[in-house]
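# A structural walkthrough
Here is how the chains run, residue by residue.
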Amino acid sequence: MGTNLPLAGKSAFITGASSGIGEAAAEALAAQGADVALVARRKEKLESIAERIESVTGQTAFVLPTDVTDNSAVNEAVAQTVDTFGQLDVLVNNAGIATGSDVTVETIPAEQYRDVMAVNVDGVFFVTQAAIPHLRETSGIAVFVGSFAGQFPRPGAPLYAATKWWTRGFAHSLAGWLGEDEVGVTVINPTEVRTEFGRGYRDQTSKDRFEPNEVTEPEVIGDAIAFAAQQEPPNVVSELDLYRRGKFSHF
Ligand SMILES: NC(=O)c1ccc[n+]([C@@H]2O[C@H](COP(=O)([O-])OP(=O)(O)OC[C@H]3O[C@@H](n4cnc5c(N)ncnc54)[C@H](OP(=O)(O)O)[C@@H]3O)[C@@H](O)[C@H]2O)c1
């Protein structure tokens with residue numbers, strides 16, 4: 001355990017930690033000295049990630065198989081994290097899913113609509129609601145993973161895009177409210193990241209679509225999240241647009 005590291009003695013709760021950006025964020029936060037609570041549904045994946053993080057960093061990685069759409073399961077996971085670590089300093093609201101690439105507003109099945117809204121909107125809300133009292137106690141940081149799709153109109157995926165506009169609107173409004181209590185809020189907006197994004201409703205994930213380094217690698221976003229987590233009062237970076245350099249050439 002590195003007691004001289006910037007996040008030594010701090011703990012982080014990371015949703016969507018079983019792959020992609022969440023997994024990379026957990027690794028980066030632990031590498032900076034934080035103990036990490038890993039939250040997602042796939043228990044086996046979380047366990048192997050936790051084992052790797054603990055052996056590489058010496059920090060504690062706590063596995064919490066949880067569906068973020070389940071309000072009481074989320075409350076329980078946050079409570080267990082605080083019981084285990086004694087406090088909560090960093091929240092990473094990252095779990096999110098894509099709509100299918102073969103659906104439009106006219107054709108999307110109601111079940112898919114509800115599923116995407118449940119994870120990307122309700123899940124973010126439930127997790128934030130449960131974490132706020134603990135972040136107030138530590139003057140902590142809440143990081144929200146937004147998206148380029150939440151900043152510009154996205155005709156090809158309006159529902160997914162709207163969930164990310166919601167995330168940014170919610171996060172910035174919260175920042176205004178929690179700032180007086182010294183809680184910091186940072187939204188991080190990536191462009192395409194090579195992860196399992198698309199698993200579920202798309203034929204291909206981002207990992208299937210892109211070659212290594214063709215777009216952003218998840219570790220880059222993980223490092224940005226670890227940077228955000230290290231911010232101390234009174235200032236905060238409210239929004240961090242981490243775009244692939246060529247993004248606007250194809251916009
Ligand atoms: N990849 C991109 O191009 C990109 C770009 C901009 C923003 N983003 C955003 O980045 C975030 C992370 O996505 P990613 O790219 O890292 O994709 P990913 O590899 O598919 O990761 C998504 C994570 O969310 C978790 N998750 C999904 N549904 C859940 C549920 N009901 N309860 C708990 N956890 C759930 C998944 O774990 P389980 O399946 O094990 O539950 C997984 O750990 C998302 O919010 C996404 O919108 C991605």
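It should be noted that the structure appears before, not after, this text.
Residues numbered from 1 in each chain as written. Predicted model: local features only at pLDDT ≥ 70, side-chain atom pairs only at ≥ 80, totals over all residues. Heavy atoms only, no water.

With 12 residues, helix α1 (residues 20-31) extends 17 Å from end C-alpha to end C-alpha; this agrees with the ideal 16 Å at 1.5 Å per step. Those residues of α1 lying buried are Gly 20, Ile 21, Gly 22, Glu 23, Ala 24, Ala 25, Ala 26, Ala 28, Leu 29 and Ala 30. Residue Gly 33 follows α1 closely and has a positive phi angle near 105°. (Helix = DSSP H or I, 4+ residues; strand = E, 2+ residues; numbered from the N terminus. Expected span 1.5 Å × (residues − 1). Buried < 20%, exposed > 50% of the residue type's maximum accessible area, 1.4 Å probe, protein only.)

This part takes up the pattern of salt bridges. Counted by the stated rule, this structure contains 12 salt bridges. Between Glu 27 and Arg 52 there is a salt bridge whose closest N-O contact spans 2.0 Å. Note that Glu 27 is positioned in helix α1 and Arg 52 in helix α2 (residues 43-57), a separation of 25 residues in sequence. Arg 52 gets classed as partly exposed once you look at its relative accessible area, which sits at 34%. (Salt bridge = Lys/Arg side-chain N within 4 Å of Asp/Glu carboxyl O.)

Let us look at the sheet that holds strand β3 (residues 61-65). Pairing is parallel across the open sheet formed by seven strands, whose spatial order is β3-β2-β1-β4-β5-β6-β7. Of all the strands in the sheet, the pair left with one neighbour each is β3 and β7 (239-242). Taking the axes of each pair of neighbouring strands and ignoring which way they run, one obtains an average angle of 15° across the sheet. Relative to strand β2 (residues 35-40), strand β1 (residues 11-15) runs parallel, the two sharing five bridges. Note that in β2 the partner of Thr 15 across the bridge is Val 39. Where α1 meets the sheet, its contacts fall on β1, β2, β4 (90-93), β5 (141-145) and β6 (184-190), and the angle it forms with β1 comes to roughly 170°. (Pairing = 2+ DSSP bridges. Axes fitted to C-alpha atoms, helices over the stretch in contact; angles between N-to-C directions. Contact = heavy atoms within 4.5 Å.)

Ser 19, Arg 41, Tyr 160, Thr 195 and Arg 199 are the nearest of the 30 residues found near the ligand. In the model, an oxygen atom of the ligand is placed 2.8 Å from a nitrogen or oxygen of the Arg 42 side chain. With respect to the ligand, the backbone of Glu 196 contributes an N or O atom lying 3.0 Å from an oxygen atom. Protein chains bury 97% of the 880 Å² of accessible surface belonging to the ligand in isolation. Grouping the amino acids of the shell around the ligand by side-chain chemistry returns 12 nonpolar, 11 polar and seven charged. (Near = heavy atom within 4 Å. Polar contact = N/O pair within 3.5 Å; in protein donor to acceptor, adjacent residues only side chain to side chain. Areas by Shrake-Rupley, 256 points an atom, 1.4 Å probe, with all protein chains shown as cover. Nonpolar A, V, L, I, M, F, W, Y, C, P; charged D, E, K, R; others polar.)

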